[in-house]
Amino acid sequence: AGCLFFCVFFFKQKTAYEIYQCDWSSDVCSSDLPRRRRNTHKGESGRVLVVGGGVGMSGAVRLAAEAALYSGAGLVTVATHPQHAARISAARPELIVYGISSADELRKLINATSVVAIGPGLGRSDWAGQLMATVMEAEIGRASCRERV
């Protein structure tokens with residue numbers, strides 16, 4: 001078995017980051033994923049939430065969401081700054097895009113997903129810090145982001 005490591009950057013603190021570790025089965029990485037049935041519904045292929053795209057940085061969150069689509073996720077939702085939602089949605093109608101203003105709005109989206117990717121173009125604003133804290137406090141699937149190395 002392998003491990004998936006990720007960094008969490010903190011805002012307005014001297015500490016740059018902490019490293020978190022999650023167990024990751026090497027079977028997932030090394031084996032071929034099974035082919036989908038021809039009648040597979042998109043809801044059966046995973047739900048990914050991509051959180052990012054602070055003011056002026058809509059491209060990063062859009063590219064990350066497109067990567068999730070291309071890698072086989074069934075439903076991909078983008079939680080981004082409200083000023084980017086319409087632009088991303090118009091460019092990629094296959095993405096589900098929400099302009100998020102508060103942590104409460106993000107919690108509703110987290111509850112409906114199986115995987116969260118946070119960070120592409122997030123920035124270091126108070127808005128970004130609030131969203132990062134919300135994701136880190138959430139329990140997604142069976143794993144809690146609060147489990148630290």
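Use the structure listed above.
Quantities reported herein were computed from a predicted structural model and do not represent experimental measurements.

Trainee: Explain the overall build of the protein to me, please; I cannot follow it from the model alone.
Mentor: Scanning the protein for helices and strands turns up five helices and eight strands. When burial is assessed residue by residue, the protein has 35% of its 149 residues classed as buried. In the protein, the share of contacts with a sequence separation of at least 24, taken over all contacts with a separation of at least 6, comes to 60%. As presented, the protein carries roughly 9400 Å² of accessible surface, and 53% of it is formed by carbon and sulfur atoms.

Trainee: Mind showing me how you'd approach the sheet that holds strand 3 (residues 47-51) here?
Mentor: Note: strands within a sheet are paired through backbone hydrogen bonds, in either parallel or antiparallel orientation. The strand order across the open sheet built from four strands is 5-4-3-6, with neighbouring strands paired in parallel fashion. The strands lining the two open edges of the sheet, one partner per strand, are strand 5 (96-99) and strand 6 (115-118). Neighbour-to-neighbour, the strand axes of this sheet turn through a mean angle of 20 degrees, independent of strand direction. The pairing of strand 4 (residues 75-80) with strand 5 spans four bridges and is classified as parallel. By the bridge assignment for strand 5, Val78 is matched with Val97. The strands that helix 4 (residues 103-110) touches are strand 3, strand 4 and strand 5; relative to strand 3, the one it contacts most, it runs at about 160 degrees. Relative to strand 6, helix 5 (residues 126-137) is tilted by about 150 degrees, and along the sheet it contacts strand 3, strand 4 and strand 6.

Trainee: Help me understand the packing of helix 4 against helix 5, please; the structure alone is not making it clear to me.
Mentor: Running from N to C, helix 4 and helix 5 point in directions that differ by 35 degrees, and their axes come no closer than 10 Å. Once helix 4 is placed against helix 5, the crossing between them reads as right-handed. Contact with helix 4, carried on its side by Ala103, Leu106, Arg107 and Ile110, involves Gln130, Leu131, Thr134, Val135 and Glu137 of helix 5 and no other residues of that element. Grouping the constituent residues of the contact of helix 4 with helix 5 by class yields five nonpolar, two polar and two charged.

Trainee: So what exactly am I meant to see when it comes to helix 3 (residues 82-91) here?
Mentor: Within an α-helix, residues lying three or four positions from one another point in the same direction, as the helix has 3.6 residues per turn. Residues of helix 3 that are buried include every one of His84, Ala85 and Ile88, and no others. Buried residues of helix 3, seen end-on, are gathered within an arc of 115 degrees and therefore sit on one face of the element. What points out from helix 3, more than 90 degrees from its buried face, is the exposed set Ala86 and Ala90.

Trainee: What is the right way to look at the environment of Ser58 in this model?
Mentor: Summarising the element assignment, Ser58 is placed in helix 2 (residues 58-70). For the pair Ser58 and Ile88, spaced 30 residues apart in sequence, the C-alpha to C-alpha distance is 7.4 Å. Setting aside residues no more than four positions away along its own chain, Ser58 makes contact with His84, Arg87 and Ile88.

Trainee: Even after reading the chapter, I still don't get the nonpolar core, so can you show me in this structure?
Mentor: One broad rule of soluble globular proteins: the nonpolar side chains tend to lie buried together. Leu49, Val51, Ala79, Leu106 and Leu131 are the most contacted members of the largest nonpolar core, which totals 16 residues. Contributions of two or more residues to this core are made by strand 3, helix 4 and helix 5. Here this core gets six residues from one element, more than from any other, and that element is helix 5. Leave out the neighbours within four places in its chain, and Leu106 touches Leu49, Val51, Ala79, Ile100, Leu131, Thr134 and Val135. Listed in part, the twelve residues of the second largest apolar core include Val48, Val50, Ala65 and Val76.

Procedures and definitions
- Residues numbered from 1 in each chain as written.
- Predicted model: local features only at pLDDT ≥ 70, side-chain atom pairs only at ≥ 80, totals over all residues.
- Heavy atoms only, no water.
- Helix = DSSP H or I, 4+ residues; strand = E, 2+ residues; numbered from the N terminus.
- Buried < 20%, exposed > 50% of the residue type's maximum accessible area, 1.4 Å probe, protein only.
- Contact = heavy atoms within 4.5 Å.
- Areas by Shrake-Rupley, 256 points an atom, 1.4 Å probe, with all protein chains shown as cover.
- Pairing = 2+ DSSP bridges.
- Axes fitted to C-alpha atoms, helices over the stretch in contact; angles between N-to-C directions.
- Left-handed = near helix turned anticlockwise from the far one by under 90°.
- Nonpolar A, V, L, I, M, F, W, Y, C, P; charged D, E, K, R; others polar.
- Arc of directions from axis to C-beta.
- Core = buried A, V, L, I, M, F, W, Y, C linked by side-chain atoms within 4.5 Å.

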